[in-house]
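# Descriptive structure summary
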Amino acid sequence: MLEKTYSPRDVEERLYRQWEESGAFRAGNRPNAKPYTIVIPPPNVTGSLHIGHALNNTLQDILVRFERMRGRDVLWQPGTDHAGIATQLVVERQLAERQTSRHALGREEFLRRVWEWKAESGGTITRQLRRLGASCDWSRERFTMDEGLSRAVIKVFVELHQQGLMYKDTRLVNWDPRLQTAVSDLEVENIEIKGHLWHIKYPLADDPSHTITVATTRPETMLGDTAVAVHPDDARYKSLVGKMVRQPLTDRLIPIVADDYADPEKGSGAVKITPGHDFNDYEVGRRHNLEALNVLTLDGKINEKAPEVYRGLDRFAARKKIVADLEALGLLEKVEQVTHAVPHDEKTKTVVLEPMLTEQWYLNVKPLAEVALKAVRDGKTKFVPERFADEYYRWLEDIRPWCVSRQLWWGHQIPAWYDDEGNIFVAESEDGAHAQAKAKHGREVTLRRDPDVLDTWFSSALWPFSTLGWPEETPELKRFYPTDALVTMFDIIFFWVARMMMMGLHFTKQVPFHTVYIHARVVDERGQKMSKTRGNVIDPLTLIDEFGADALRFALAIAAMAGRDLRMGRSRVEIYRNFCTKIWNAARFCEMNECVRSAGFDPSKVKSTVNRWVIGELARTRNEVTAAIEAYRFNEAAGALYEFIWNVYCDWYLEFIKPVLTGDNNDEKGETRASAAWVLDETLRLLHPFAPFISEELWRVTGEQGPKRQGLLIAESWPDYGALPPDDAAAAEMNWVKRLISEVRSVRAEMNVPPATKLALRLKGASASEGQWLARHNDLILRMARLESAIVANDILKGSAQIVVGQGTAGLALEGVIDLAKERARIGKEIQKVEGEISRIDQKLSNKDFVARAPEEVIEEQKEKRAEYEAARSKLAEALKRLD
């Protein structure tokens with residue numbers, strides 16, 4: 001017996017436990033079936049479920065539940081990423097609260113503390129994924145630092161070194177002075193801040209009375225200047241190219257060079273070049289053979305290469321002193337207030353990163369990139385939507401060596417050892433390194449291991465095959481690799497997708513996945529990016545607590561339109577909580593009206609038109625949902641389900657059959673009860689990938705009525721009505737009835753006809769079939785459209801609203817019910833008002849200044865409003881036309 005209301009809190013935990021205990025999530029249960037594999041983008045072990053995770057994992061779960069029901073041997077490979085910097089930061093903060101540090105503990109003890117923290121707190125996000133309903137094979141959960149994956153990482157590094165692709169080099173990197181490590185570009189966030197632009201005069205060496213002015217937002221880096229650059233076509237400076245200027249404060253002579261990097265239109269047209277502390281300057285320095293001078297220590301202080309007066313000063317303290325000294329020397333031309341982007345640590349948003357010249361390990365990825373590019377161009381891996389392949393090409397065509405080393409303690413320690421002479425020995429084990437050293441020196445030598453660890457993305461790049469046991473030739477690797485689909489977001493196409501392609505092809509000679517589905521980002525209901533600063537961050541767990549996991553899942557799926565930001569907010573999830581309530585109430589209606597499953601029910605043998613119609617609509621919906629999921633059009637699949645359940649089944653079919661269920665025709669009543677129960681059952685199958693909890697609970701309860709069933713819905717098969725012929729006659733008839741009732745209801749609403757007032761309807765010009773349909777369903781039409789009569793006639797009464805339905809025109813008598821002249825005037829005013837709004841929006845969108853300044857989400861919002869007003873105008877125009 002179904003409860004009056006559906007309570008997600010009462011069923012979700014119980015059902016999830018049942019699924020897990022039944023082994024429904026486990027791969028390998030169908031050894032003769034075709035495998036289907038998805039690897040989860042491993043969330044950081046430090047993480048908590050955010051709305052982006054909720055979207056990403058909902059879409060993956062839809063795919064795996066769908067394919068599981070289609071009979072595939074499904075592996076959804078779960079796991080978490082060790083998240084080098086993020087995890088080390090968490091544990092270091094804990095140590096700081098206890099008045100200690102990792103350096104005080106030492107590496108071994110610090111790493112013990114990190115593993116301890118991971119054991120206690122590292123499973124938060126996987127527990128939260130369970131609350132979402134994620135049906136991963138948790139028995140195979142992996143961690144990027146577990147023994148098997150670590151072995152894969154070490155082997156890959158060693159082989160790449162043996163192939164001459166992994167090497168050490170001194171280059172410019174983004175440097176975190178607090179953690180004292182290189183960081184990847186993904187860990188850099190450029191934050192707009194208010195600052196200053198200092199214009200500094202550099203005296204010419206041969207004529208100090210003449211100066212050249214450069215501007216900088218970082219005066220402390222001028223201590224490392226090795227040139228001033230001007231554009232080769234800038235007539236103002238052509239005579240100065242090749243001359244020397246005296247660098248203020250250091251008294252060094254540096255050349256004036258001609259380079260396209262200098263922009264004659266910006267500032268003075270001359271720029272200071274500091275190859276040791278700026279990425280653009282580094283490239284200029286390489287072109288002109290300039291020294292890359294590093295004037296900062298690793299913790300962000302001025303080093304010994306600068307004049308003594310600045311040594312030991314923090315970079316920001318040095319900035320103040322340098323500006324004061326320049327002003328005292330009369331070399332500070334002017335100071336401007338500016339807003340500019342400054343690179344910060346993406347995790348804390350507080351540490352200003354420095355471009356720093358350091359020795360790091362690099363991977364030459366160019367040869368790997370060429371193979372990865374060819375694989376996509378040849379169609380071995382496809383992007384959905386296709387346009388994201390262009391982003392992939394763009395990154396790989398312009399790829400540079402990958403800095404893979406990090407100066408952290410938490411992570412995969414680089415398998416390289418050094419002797420006292422600085423020789424490097426790269427091996428899979430320390431014993432292997434000693435063997436190499438002995439072969440070189442002819443004796444045992446002392447070796448020390450490289451203290452650095454690998455970039456977190458290095459191990460993530462191996463995720464599709466390392467999680468399946470590579471480098472061992474495991475049965476899982478043979479069966480489930482390559483994987484079928486990768487579901488991820490556009491912002492990590494390079495950092496993760498491209499690197500998995502490169503590593504997969506290089507080490508397994510196969511693409512790691514056949515399809516890459518790129519979903520959009522989740523924004524708030526106004527289209528704005530979510531941020532703590534704006535206060536618009538949505539916590540998915542709060543939404544699950546309030547509305548249930550299914551409501552959140554369905555809200556995300558139906559909004560997941562390819563290539564468009566996904567707008568999300570509490571009110572949207574509430575809509576799909578109401579949808580779940582609608583399904584529950586439909587099941588209760590069936591239960592109360594004894595609509596129980598019938599053994600041996602054959603949908604192809606149904607006689608009643610309304611039952612034949614709903615079965616045909618179900619079959620059409622099944623085909624639409626199937627095709628949409630196969631094409632990764634999740635919004636269309638969810639939309640088709642919503643339309644069928646809410647509109648076709650609940651609002652129309654159940655209303656159509658009420659007289660039958662209370663009538664005296666027992667044969668028709670029996671068929672209708674069986675049909676309603678069968679269609680509900682089939683609907684639960686279609687709904688399951690999207691809303692697994694409510695569908696499973698209704699499957700359980702309805703399974704207790706009629707023929708008993710034991711199994712869980714998750715293990716049932718996907719509907720297939722291939723043998724069911726389409727019933728065009730039933731569809732034409734019932735859709736005509738639906739259209740007539742809908743149009744009458746629209747007119748009543750548009751013309752403000754009181755609900756209690758029953759109207760007369762006359763149908764003229766209808767086909768013979770339409771006349772028969774009107775007669776056959778007359779009682780139904782009168783009841784649902786609130787009419788006093790509905791007849792076929794040769795004319796339409798004066799003062800009627802006209803409705804075109806099929807071949808006929810229905811006249812709805814309004815004379816004496818409403819004032820037609822006043823109604824025409826009201827609608828006319830409404831049209832004018834709407835047209836005024838459209839005109840205002842058009843003026844905004846045609847204003848070039850507005851379009852240039854307005855954020856993208858504001859432009860989109862204006863376009864959406866215009867579309868809404870346009871639809872309203874069309875509706876009002878149609879209403880006015882009815883009164884002609």
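To start, this report covers the structure provided alongside it.

Turning next to the sheet that holds strand β29 (residues 808-813). Sheets are built from strands that pair by backbone hydrogen bonding, the pairs being arranged parallel or antiparallel. Spatially, four strands are ordered β27-β26-β29-β28 in an open sheet, and the strand pairing comes out mixed. The sheet terminates laterally at β27 (787-792) and β28 (800-805), the two strands that pair on one side only. Pairwise comparison of adjacent strand axes, ignoring direction, gives a mean angle of 20 degrees for this sheet. Sheet analysis places strand β26 (residues 759-764) next to β29, joined by four bridges and oriented antiparallel. Bridge pairing links R762 to G811 in β29. The strands touched by helix α24 (residues 728-750) within the sheet are β26, β27, β28 and β29, with β28 carrying the most contacts at an inclination of about 150 degrees. On top of the sheet, helix α25 (residues 768-776) reaches β26, β27, β28 and β29; it is set at about 150 degrees to β27, its chief contact.

Turning our attention to the environment of W718. Within the secondary structure, W718 is located in the loop between α23 (692-702) and α24. When its relative accessible area of 6% is taken as the criterion, W718 is described as buried. Side chain to side chain, W718 and T626 meet in a polar contact 2.9 Å long.

Moving on to the pattern of salt bridges. In total, this model carries 66 salt bridges according to the counting rule given. Its salt-bridge partner being E92, residue R102 comes within 2.9 Å of it at the nearest N-O pair. On the criterion of sequence distance, the pair formed by R102 in helix α4 (residues 102-105) and E92 in helix α3 (residues 84-97) is long-range, its members being 10 residues apart. For E92, a relative accessible area of 22% gives the class partly exposed. When the shortest N-O distance is used, the salt bridge between E444 and K438 registers 4.0 Å. Classification of E444 by relative accessible area gives exposed; the value is 53%. For K438, a relative accessible area of 43% translates into the label partly exposed.

Formed by 211 residues in total, the largest nonpolar core has its most connected members in F458, M503 and Y649. Here this core gets 16 residues from one element, more than from any other, and that element is helix α21 (residues 634-661). Apart from residues no more than four positions distant in its own chain, F458 is found in contact with V153, V156, F157, L160, M166, W402, V404 and M503. With 34 residues, the next largest nonpolar core counts M222, V245, V295 and Y310 among its residues.

The next subject is the packing of helix α22 (residues 666-687) against α23. Two elements in contact, α22 and α23, have axes separated by 9 Å at closest approach and are oriented at 150 degrees. Between α22 and α23, the crossing angle belongs to the class labelled roughly antiparallel. You can see that α22 and α23 cross each other, and the crossing is left-handed. Facing α22, whose interface residues are L680, D681, L684, R685 and L687, α23 presents I694, S695, L698, W699 and T702. Within the contact of α22 with α23, the residues separate by chemical class into six nonpolar, two polar and two charged.

Quick look at the packing of aromatic side chains now. One pass over the structure, following the stated rule, counts 39 aromatic pairs. Arranged with centres 6.3 Å apart and planes meeting at 40 degrees, the rings of W457 and F495 form a pair that is tilted. Here the residue W457 occupies a position in helix α13 (residues 456-460), and F495 occupies one in helix α16 (residues 493-508), the gap between them amounting to 38 residues. The two residues W457 and F495 agree in class, both being buried. Both rings, one in F579 and one in Y642, keep their centres 4.9 Å apart while their planes meet at 35 degrees; by these two values the pair is tilted. In this pair, F579 sits in helix α19 (residues 570-592) while Y642 sits in helix α21, placing the two residues 63 residues apart along the sequence. Three or more aromatic residues joined by ring pairs form one cluster here, namely F554, Y576, F579, Y642, W646 and F690. Positioned above the aromatic ring of F480 is the side chain of R479, whose terminal nitrogen or guanidinium carbon lies 5.7 Å from the ring centre. Note that R709 overlies the ring of W699, its terminal NZ or CZ placed 3.6 Å from the centroid.

About the cut-offs
- By convention here, each chain's residues receive numbers from 1 onward along its written sequence.
- Local features are withheld for residues below a pLDDT of 70 in this predicted model, meaning they are given only at 70 or higher, and side-chain atom pairs are given and counted only at 80 or more; totals for whole chains, interfaces and linings count all residues.
- The side-chain quantities take in all heavy atoms of the structure and omit both hydrogens and water.
- A pair of strands counts as paired when DSSP detects no fewer than two bridges linking them.
- Note on conventions: DSSP H or I runs of at least 4 residues are helices, E runs of at least 2 residues are strands, and numbering of each starts at the N terminus.
- Comment: axis = line fitted to C-alpha atoms, over the contacting stretch for helices; angle = value between 0 and 180 degrees taken between N-to-C directions.
- In this description, contact between two residues means that some pair of their heavy atoms is separated by no more than 4.5 Å.
- Exposure classes here rest on a 1.4 Å probe applied to the protein chains alone. A residue is buried below 20% of its type maximum, exposed above 50%, and partly exposed in between.
- Whenever a nitrogen or oxygen atom comes within 3.5 Å of another N or O atom, the pair is scored as a polar contact, on the condition that within protein one atom can donate a hydrogen and the other can accept it, and that pairs from neighbouring residues in sequence are kept only if both atoms are in side chains.
- We define a salt bridge as a contact between a side-chain nitrogen of Lys or Arg and a carboxyl oxygen of Asp or Glu at a distance within 4 Å.
- By nonpolar core is meant a set of buried Ala, Val, Leu, Ile, Met, Phe, Trp, Tyr and Cys residues that side-chain atoms within 4.5 Å join together.
- An angle below 35 degrees is read as roughly parallel, one above 145 as roughly antiparallel, one from 65 to 115 as roughly perpendicular, and any other as oblique.
- Helix crossings get a hand from a simple test, with the near helix turned counterclockwise from the far one by less than a right angle marking a left-handed crossing and a clockwise turn marking a right-handed one.
- Amino acid classes used here: Ala, Val, Leu, Ile, Met, Phe, Trp, Tyr, Cys and Pro are nonpolar; Asp, Glu, Lys and Arg are charged; the rest, including Gly, are polar.
- Any two of the Phe, Tyr and Trp rings considered here, Trp counted by its six-membered ring, make a pair once their centres fall within 6.5 Å; the pair's planes then place it as stacked at under 30 degrees, edge-to-face at over 60, or tilted in between.
- Only lysine NZ and arginine CZ atoms are considered, and such an atom sits over a ring when it is within 6 Å of the ring centre and within 35 degrees of the ring normal.

Functional significance is not addressed by these values, which are geometric in nature.
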